[in-house]
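Each chain is listed here by its residues.
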Amino acid sequence: MEISRDYDEPQPKQDKRVGGTKAVLFVYVTEGLENMAFIANAVSLVTYFMGYMNFSLTKSANTVTNFMGTSFILALLGGAIADTYLTRFKTCVLFGFVELLGYALLTVQAHFDQLRPTPCTDVSKQCETANTGQAAILYTGLYLVALGTSGIKGALPLLGADQFDSKDPKEAAQLSSFFNWFVFSLTGGSIAGVTFVVWISSNKGWDWAFGVCTIAVLLAIVFVCIGKPFYRDNAPKGSALIRILQVLVSAIRNRNLPIPKMEDELYEIYDKGTVEVPNEILQRTNQFRFLDRAAVHMTSWGASPSMARGPWRLCTVTQVEETKILLRMLPIILSTVFINTCLAQLQTFSIQQSMTLDTHILGFKIPAPSLPVIPLVFNFTFIPIYDRIFVPLARRITGIPTGIRYLQRVGVGLVLSTISMAISAIMETRRKSVAVKNNMVDSKDPLPMSVFWLGFQYAVFGLADMFTLVGLLEFYHAESSARMKGISTGISWFSLAFGYFISSLVVEVVNKASGGWLASNNLNRDKLNYFYWLLSTLSAVNFVIYLGCASWYKYKNSEMKQEENFIDGNAKD
């Protein structure tokens, strides 16, 4: 086994003149501005599709969830590009301009009447549908926005996390707080989106709203560029996906070779790397042992050197362990998907619920799509309390730098999600009873029930989303290897994406299986409360599955420590 050892040479250190809290201020502002535009559309596009594009309720809901799902699933692409070809900074700027183009196209369509179908004023009659050209403009603009925001979501958290050196105790603590404050800035942008931008769409028109989104994304690009002199912008480290494929192919090719009993017989390269791409050595673990064959040197078993060489025949132990990390993460990824299916319902059907209720408070009329401001304000208040009070107290008790484990934090979020769906079912049952009691089942007038009754389900789910999102962002970043940070950040958004896609499927399946619980455009005649009870039950089942997956998962650091103890124990014997 050919190795080179350079342990005596000093390891490259981060430049202390750049990075740190000063650099991430630009990341926070960029995230706030970009997310202001994105979330404003996430919560209100249903009304745009129904009122301006003449989509049905179900088609509007599914179009939004498909758009949101695509936005998050393509974050894998943004993360992969940031890892492989471009720096984090360049990835953010490139995809920012793509998103800017998408919003500009939507602004143009919303401004010119000939680019949209004639508004439908009588829902009892067949409405004019968008023609091929109008639909093409809409979907092109939408999915340019989806592509652009996905790249930013995949690269911007990485750009922020790169500003802290995890090997420096002081900066490691700041890195732990970074994700909390990143979500805090995301939440601040969301509040501006669901209030200011939604108010503009309701009172000034959708062309003004899309125009504001265009300006917000342009300012986001400007701010991330202003911060360029302060960034530690890591160089691309090569394709993590290619490295994983090399391990799988090598393991298959070497499937007939025995796995050595001694770890030193497996192939590894020990060097200091470079300042741009420092080398990270991962120790061998006992899970997924069949992959260890990818690191078995074939020359040890009589093969010619020409056959034994090559990245598709021989991989390092570190490369094998990177693949194992991803495989260990898969059950966690899949078991956190369903909470985002529930989130999709709050951004679609709950908005439609609010449109049937009295939205006045203290003499002001609150736009229905602005209802999510309730959990957002709650989170905006709770995140600093969590970071500054709960985490230090929990750290003293548990000794864990983050207060509680990442997966424990995610588990709390899943429990709260289950409770939120149950509250949603209760609130919908009450809303329908008010409609029946006042003989307003088929009326378009607001029911004599305040929209803020829906605030309970939003507040509880807001907490659930905060625990889960921050927990997953920290988990994937901390547990992934240095060469897989982009992919792991993309994975943290992937569960969001898959949840939105499943939401569309769930709605269709429930409609067919139930005989039309959600088939009508009249919520007073639909069975949305039954649908929420179904989601609550499925969320509870999902939590049980998650407990099994989380119990099986072994954290990277503790696992490596156990392996070191195992080796030391053998050495002593």
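See the structure printed just above.
Here is a short report on the structure shown in this document.

Before going further, it helps to spend a moment on the overall build of the protein chain. Within the protein chain one finds 18 helices and 4 strands. Pairs at least 24 residues apart make up 83% of the contacts formed inside the protein chain by residues separated by at least 6 positions.

Next up on the list: the packing of aromatic side chains. Using the criterion set out here, one finds 29 aromatic pairs in the structure. Between the aromatic rings of Phe-475 and Tyr-553, the centroid separation amounts to 5.2 Å while the plane-to-plane angle is 70 degrees, which identifies the pairing as edge-to-face. Of this pair, Phe-475 sits in helix α15 (residues 455–479) while Tyr-553 sits in the loop between α17 (528–552) and α18 (556–572), placing them 78 residues apart in sequence. The same class applies to Phe-475 as to Tyr-553, namely buried. Taken together through their ring pairs, the aromatic side chains of Tyr-48, Phe-49, Tyr-52, Phe-55, Trp-206 and Phe-210 make up a single cluster. If you follow Lys-59 out to its NZ or CZ, it ends over the ring of Phe-55, 4.3 Å from the centre. The ring centre of Phe-89 lies 5.5 Å from the NZ or CZ of Lys-228, which sits over that ring.

This brings us to the pattern of salt bridges. All chains considered together, the criterion is met by 9 salt bridges. Its salt-bridge partner being Asp-292, residue Lys-324 comes within 2.9 Å of it at the nearest N-O pair. Here Asp-292 lies in the loop between α8 (240–253) and α9 (305–308) and Lys-324 lies in helix α10 (residues 317–335), a separation of 32 residues in the sequence. A residue is classified by how much of its surface remains accessible, and Lys-324, at 0% relative accessible area, is buried. Sharing partners across several salt bridges, the network here consists of Asp-292, Glu-321 and Lys-324.

With that settled, consider the nonpolar core. Judged by nonpolar contacts, the single largest core of 139 residues is most densely connected at Leu-45, Tyr-48, Phe-49, Phe-178, Ile-332, Phe-475 and Phe-531. Looking at this core, the element that brings in the most residues is helix α1 (residues 20–51), giving 16 residues. What Phe-475 contacts, discounting residues up to four positions off in sequence, is Met-329, Ile-332, Tyr-406, Leu-407, Tyr-553 and Tyr-555. Within the second largest apolar cluster, 11 residues are counted, among which are Val-247, Ala-251, Ala-294 and Val-296.

A few words on unusual backbone geometry. Where the residue is not glycine, phi is negative for most of them; where a peptide bond is considered, it is trans in most cases. Phi is positive for Phe-288, close to 50 degrees, though the residue is something other than glycine. Mapped onto the fold, Phe-288 is located in the loop between α8 and α9.

Now for the packing of helix α3 (residues 75–84) against helix α4 (residues 88–111). Contact geometry for α3 and α4: axes closest at 8 Å, N-to-C directions at 140 degrees. Our classification of the angle between α3 and α4 gives oblique. Our pair here, α3 against α4, has a crossing hand that is right-handed. Between α3, through Gly-78, Ile-81, Ala-82 and Asp-83, and α4, the contact on the second element is made entirely by Arg-88, Thr-91 and Phe-95. Along the lines of polarity and charge, the residues of the contact of α3 with α4 split into 3 nonpolar, 2 polar and 2 charged.

Under the 1.5 Å per step criterion, the end-to-end length of helix α14 (residues 406–437) is 47 Å for 32 residues, consistent within 8% with the ideal 46 Å. A positive phi of about 55 degrees marks Asn-439, the residue just after α14.

Rules used in this analysis
- Residues numbered from 1 in each chain as written.
- Predicted model: local features only at pLDDT ≥ 70, side-chain atom pairs only at ≥ 80, totals over all residues.
- Heavy atoms only, no water.
- Helix = DSSP H or I, 4+ residues; strand = E, 2+ residues; numbered from the N terminus.
- Contact = heavy atoms within 4.5 Å.
- Phe/Tyr/Trp six-rings, centres within 6.5 Å; stacked < 30°, edge-to-face > 60°.
- Buried < 20%, exposed > 50% of the residue type's maximum accessible area, 1.4 Å probe, protein only.
- Lys NZ or Arg CZ within 6 Å of the ring centre and 35° of its normal.
- Salt bridge = Lys/Arg side-chain N within 4 Å of Asp/Glu carboxyl O.
- Core = buried A, V, L, I, M, F, W, Y, C linked by side-chain atoms within 4.5 Å.
- Axes fitted to C-alpha atoms, helices over the stretch in contact; angles between N-to-C directions.
- Parallel < 35°, antiparallel > 145°, perpendicular 65-115°, else oblique.
- Left-handed = near helix turned anticlockwise from the far one by under 90°.
- Nonpolar A, V, L, I, M, F, W, Y, C, P; charged D, E, K, R; others polar.
- Expected span 1.5 Å × (residues − 1).

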